[in-house]
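Structural overview
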Amino acid sequence: MAASFFSKVNRLRQLHASSHEQFPDESAVQNKYLNSIKEPQDDIERSYFQYLCQEEFPVKSRWLPLKRWLSGLLVRGLLLRTGPERTGSAQGSGQPVAAFIHAGVTHSIIPASVQEEFRIQDFPYFGKRRLTRRDRQFFRQTVWKRYRHAGDFCLKLLLRMEMYSYVLSQGAFQAVITHSEYSYTSSFLTAYCRHLGVEHINVMHGDKFYYIRDSFFHFDRCYIWDEFYRKLFCALRAEPAQFRVELPPAMQPWERSDVPPAVDFTYYLQEESAPGLYRHIAECLRALQKRGAVVAVRPHPRYTPPEARECFRDFLWEDPSIGIEQSILRTGCAVSLYSTVLLQAYVNGVEVVIDDLTAPERFAQLQTLHYIMLDKPHRLLSELVHEENLM
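Rules of the game
Residues numbered from 1 in each chain as written. Predicted model: local features only at pLDDT ≥ 70, side-chain atom pairs only at ≥ 80, totals over all residues. Heavy atoms only, no water. Buried < 20%, exposed > 50% of the residue type's maximum accessible area, 1.4 Å probe, protein only. Helix = DSSP H or I, 4+ residues; strand = E, 2+ residues; numbered from the N terminus. Pairing = 2+ DSSP bridges. Contact = heavy atoms within 4.5 Å. Axes fitted to C-alpha atoms, helices over the stretch in contact; angles between N-to-C directions. Core = buried A, V, L, I, M, F, W, Y, C linked by side-chain atoms within 4.5 Å. Expected span 1.5 Å × (residues − 1). pLDDT = per-residue confidence, 0-100. Polar contact = N/O pair within 3.5 Å; in protein donor to acceptor, adjacent residues only side chain to side chain. Right-handed = clockwise from strand over helix to strand, strands pointing away. Parallel < 35°, antiparallel > 145°, perpendicular 65-115°, else oblique. Left-handed = near helix turned anticlockwise from the far one by under 90°. Nonpolar A, V, L, I, M, F, W, Y, C, P; charged D, E, K, R; others polar.

So, on to the pairing of strand E5 (residues 221-224). On a regular strand, each side chain points to the face opposite its neighbour's, so the side chains alternate between the two faces of the sheet. Neither face of E5 is left uncovered, since the one carrying Arg-221 and Tyr-223 and the one carrying Cys-222 and Ile-224 both have all their residues buried. Both E5 and strand E6 (residues 243-245) contribute to a ladder of three bridges, which runs parallel. Looking at the pairing, Cys-222 lines up with Phe-243 of E6.

Written as structure tokens, this is what we have:
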């Protein structure tokens, strides 16, 4: 998520630079556009406004008119297609059942109270689909008659509704649980679930910045990790009454009795794509090592290329197969520019160090994009590198 996020923010920066304007902070650019949009009247309009925000930033595609036209043709074809009638499922007795629609994540991101409330069945994103006569009628009345000019918007909503329709045909579900606040389909799907008498619940699954992609969304319940995120999402004009603050098992403090401290600093790599950035990080870590610190480096499972290991041959190279719990609990300080790992370290009483040295431009972006760990107790890497009595 963070890799894609920063690439989009940088495209926005380049767009302003190309027009020879002085670039204001990123949140101000987004906030100006966000505040130009009126108050949404219902969940369908919330989805449409979130779509507008995502199309506007970082830069509107020149192919958008063609994309809308072709998508509109597909929507017309799908709405003309015959499908099964909805066979309403009787409400089962006993513990309520929820469908968990997810992209490969585990139940550990679902708060314990929700796991106790529902018996949860898993369904993958982009699984089977279906569209009933009742579904088509609902879509025509709520979306197509209002937004047929935005065919790509309508098509994505229709395809996602087809997925939900199939899932809800597989049992007597009282709720759908997902992790999709970033999707402009989310508010529409809340309206669709309510239409069927089903609750729509969202659970947070990764760190968030002030980014207009996450604007306007609405679920019946949205579980967040910290009060900080309520303020962040409300600033992005998400519906304010939906939020519940509860740490899921994945973010709860872990048992640490069997993990003795073994490392003074662990640097958690992220998306270090700039030339020479790995060497710059290594130089900073070497300054800590020369004063007696034991330093480890943990590669990112997706973004760190194999050749990066050569830059860190003087340090402990942490095998990614080591659980993140053990990694955090065995270190004295967790170091990174940005990472959900830093919040996990904070929750577990491990000191947090934010890297303000190796990518100062990105660090400046974090300051304007409301990064949560800048609001929590932390130290800066520059302080440690220049501190005389490190140990």
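The subject of this paragraph is the sheet that holds strand E9 (residues 316-317). Pairing is parallel across the open sheet formed by six strands, whose spatial order is E9-E8-E7-E10-E11-E12. Lying at the two open borders of the sheet, with one neighbouring strand each, are E9 and strand E12 (379-380). As defined by bridge partners, strand E7 (residues 263-268) adjoins strand E8 (residues 295-298) across four bridges and the pair is classed as parallel. Bridging across to E8, Phe-265 finds its partner in Val-295. The strands that helix H12 (residues 340-347) touches are E7, strand E10 (331-336) and strand E11 (351-354); relative to E11, the one it contacts most, it runs at about 155°.

Right, let's talk about unusual backbone geometry for a bit. A negative phi angle is the norm for most residues apart from glycine, just as the trans form is the norm for most peptide bonds. Positive phi is not limited to glycine here, since Phe-126 has a value of about 60°. Inspection of the secondary structure assignment puts Phe-126 in the loop between strand E2 (119-124) and helix H6 (133-147). Despite not being glycine, Arg-237 shows a phi value in the positive range, around 70°. Within the secondary structure layout, Arg-237 lies in the loop between helix H9 (227-235) and E6. Under the relative-accessibility criterion, Arg-237 is labelled buried at 16%.

In this section: the nonpolar core. Side chains of nonpolar character tend, in soluble globular proteins, to be buried together. Counting residues in hydrophobic clusters, the biggest one holds 106 residues, and the most contacted among them are Phe-139, Phe-153 and Tyr-229. It is helix H7 (residues 151-168) that contributes the most residues to this core, ten residues altogether. Counting residues in hydrophobic clusters, the runner-up holds twelve residues, among them Phe-100, Ile-120, Ile-177 and Val-203.

It is worth spelling out H7 at this point. Between its first and last C-alpha, H7 extends 25 Å over 18 residues, near the 26 Å set by a 1.5 Å rise per residue. Counted residue by residue, H7 has 15 buried out of 18 residues, so it is predominantly covered.

A few words now on the sheet that holds strand E4 (residues 199-203). Think of a sheet as strands paired side by side through backbone hydrogen bonds, with each pair either parallel or antiparallel. A sheet is described by the order of its strands in space; here six strands give the open sequence E2-E1-E3-E4-E5-E6, paired in parallel fashion. Of all strands in the sheet, those with a lone pairing partner are E2 and E6, marking the two edges. Taking each pair of neighbouring strands and ignoring which way they run, the sheet shows an average axis angle of 25°. Sheet strands touched by H9: E5 and E6. Its angle to E6, the strand with the most contacts, is close to 160°.

Turning our eyes to something else, we now look at the confidence of the model for the protein. Predicted confidence across the protein gives a mean pLDDT of 88, with 87% of residues reaching 70 or more. This model gives residues 11-24 a pLDDT under 50, and the stretch forms 17 contacts once residues within four places in sequence are excluded.

Time to look at the environment of Arg-129. Looking at the secondary structure, you find Arg-129 in the loop between E2 and H6. Between the alpha carbons of Arg-129 and Tyr-166 there is a distance of 5.2 Å; along the sequence they are 37 residues apart.

With that settled, the discussion passes to the environment of Lys-208. Tracing the backbone through its elements, the reader meets Lys-208 in the loop between E4 and E5. A relative accessible area of 3% means that Lys-208 is categorised as buried. A C-alpha to C-alpha distance of 7.3 Å links Lys-208 and Tyr-371, two positions 163 residues apart in sequence. Within the structure, the side chain of Lys-208 is placed 2.8 Å from the side chain of Glu-181, a separation counted as a polar contact. Only 3.3 Å separates the side chain of Lys-208 from the side chain of Asp-214, close enough to count as a polar contact.

Bringing the pairing of E2 into the picture now. Of the strand pairs in this sheet, strand E1 (residues 97-102) and E2 are connected by six bridges, and their pairing is parallel. Of the residues in E2, the one forming a bridge with Phe-100 is Asp-122. Handedness of the β-α-β unit built from E1, helix H5 (residues 112-117) and E2 comes out right-handed.

Geometrically, a packed helix pair is captured by the angle between its two axes and the distance between the axes. Two elements in contact, helix H3 (residues 43-56) and H6, have axes whose closest approach is 10 Å; the angle formed by their N-to-C orientations is 45°. When the axes of H3 and H6 are compared, the pair comes out oblique. H6 is crossed by H3, and the crossing has right-handed handedness. Along its contact with H3, which presents Ile-44, Glu-45 and Tyr-48, the element H6 presents Thr-142, Val-143, Arg-146 and Tyr-147. Taken together, the residues that form the contact of H3 with H6 break down as four nonpolar, one polar and two charged.

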